[in-house]
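# Coordinate inspection notes
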Amino acid sequence: MTNYKATLQYDGTRYHGFQRQPQLLTIQGVIETALQKMTKGQAVEVIGSGRTDAGVHAYGQVISFDYPNHLPAHSMLKALNSLMPLDILFTEVQAVSPQFHARFDVQSKIYEYRVALGRYTNPFLRLYTGHYPYQIDLQRLQIAMADLVGTHDFSSFAASGGVIQNKVRTIYTAQVDSTNYPVEIRLIFHGNGFLYNMVRIMVATLLEIASGRRAQHDIQRLFNVRDRQQARMTAPASGLYLQKVYY
């Protein structure tokens, strides 16, 4: 038995998220089906660094799995990619200690959210960005993002469907990449953990601040009230990318 750690990229457009679900197409389901073919019918459970929702993409999702035989890492990489559809690609595979766990050993993650700007939805960006049709002020946006940095109770930014009771998380950095402004901006968040829909709710709030629909420091108020209903909006899944996982 060999424990493997693997890094993969995927276009999440046609998937119902990462986690395996009966009768639905998921990233985990596709990978486990491929591994079962490789083992001639023996089931292999895949553990992900976290669950991405339907329509969410990844540059650097990480998984681990116990494989009944030993293959050199380069052979496992080649075998997995030979069985993947074109919207999933493994970029790295390595054999690791039996104790390594893709979810429990995570130290921090980077998420990126791409926002397409302009009055109308760009048909070529619609599956890979969240569209925001209102004019934004980059300075207001940068000031608001700075309010996210630090350790806070993110109850106002957690979807009601989440089961985790402790809503305290630490954001190490929150940055704006405006290289392609005014066509597109990228919001990048590095934190020790993220709650269900947390990034998408933060993005929606930030964009309202940047467009003058909320007060400049409304994020500070939302931290204090701890009320999801006061944050209101959730940005579309199509703009969200799991960029990197640190161990």
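Above: the structure in question.
Presented here is an overview of the structure given in this document. Predicted, not measured: the structure shown is a model, and the values here were computed from it.

A count of helices and strands for the chain gives 6 helices and 10 strands. Expected size for 247 residues packed as a compact globule is a radius of gyration near 18 Å; at 19 Å, the chain falls within 12% of this value. Along the three orthogonal principal directions, the C-alpha set of the chain runs to about 60 × 40 × 30 Å. When the 247 residues of the chain are sorted by exposure, 51% land in the buried category. Of the contacts formed within the chain by residues at least 6 apart in sequence, a portion of 71% connects residues at least 24 apart. When the accessible surface of the chain is split by element, carbon and sulfur atoms take 50% of a total near 12200 Å². Of the charged side chains in the chain, 24 are positive and 17 negative; the average position of the first set lies 3 Å away from that of the second.

Relative to the helices and strands, Arg-228 is located in helix α6 (residues 228-231). Of the side chains bearing the opposite charge, Asp-227 lies closest to the buried Arg-228, which forms no salt bridge; the N-O distance is 7.9 Å. A polar contact of 2.8 Å, which involves the side chain of Arg-228, links it to the side chain of Thr-234. Apart from the residues within four sequence positions on either side, Arg-228 is in contact with Ser-155, Ser-156, Ala-158, Ala-159, Ile-201, Met-233 and Thr-234.

Quick look at the side chain of Glu-184 now. With respect to the element layout, Glu-184 can be found in strand β9 (residues 184-191). Assessed through its relative accessible area of 6%, Glu-184 is described here as buried. Within the structure, the side chain of Glu-184 is placed 3.3 Å from the side chain of Arg-186, a separation counted as a polar contact. Setting aside residues no more than four positions away along its own chain, Glu-184 makes contact with Arg-114, Val-115, Leu-117, Leu-125 and Thr-129.

All right, on to the pairing of β9 then. Most of β9 is tucked away: 7 of the 8 residues are buried. Pairing of strand β5 (residues 108-117) with β9, which is carried by 8 bridges, proceeds in the antiparallel orientation. Along β9, the bridge assignment pairs Ala-116 with Glu-184. Taken together, the 6 bridges between strand β8 (residues 168-177) and β9 define a ladder with antiparallel strand orientation. Residue pairing in the sheet places Gln-175 in a bridge with Ile-188 of β9. The hairpin turn running from β8 into β9, its antiparallel successor, is 6 residues long.

What follows is about the environment of Ser-178. Following the sequence through the fold, Ser-178 ends up in the loop between β8 and β9. Along the sequence, Ser-178 and Leu-138 sit 40 residues apart, while their C-alpha atoms lie 8.2 Å from each other. In contact with Ser-178, other than residues within four places in its own chain, are Leu-138 and Ile-185.

Calculation notes
- Residues numbered from 1 in each chain as written.
- Predicted model: local features only at pLDDT ≥ 70, side-chain atom pairs only at ≥ 80, totals over all residues.
- Heavy atoms only, no water.
- Helix = DSSP H or I, 4+ residues; strand = E, 2+ residues; numbered from the N terminus.
- Rg over C-alpha atoms; globule rule 2.2 N^0.38 Å.
- Buried < 20%, exposed > 50% of the residue type's maximum accessible area, 1.4 Å probe, protein only.
- Contact = heavy atoms within 4.5 Å.
- Areas by Shrake-Rupley, 256 points an atom, 1.4 Å probe, with all protein chains shown as cover.
- Lys, Arg positive; Asp, Glu negative; His and termini not counted.
- Charge placed at Lys NZ, Arg CZ, Asp CG, Glu CD.
- Salt bridge = Lys/Arg side-chain N within 4 Å of Asp/Glu carboxyl O.
- Polar contact = N/O pair within 3.5 Å; in protein donor to acceptor, adjacent residues only side chain to side chain.
- Pairing = 2+ DSSP bridges.

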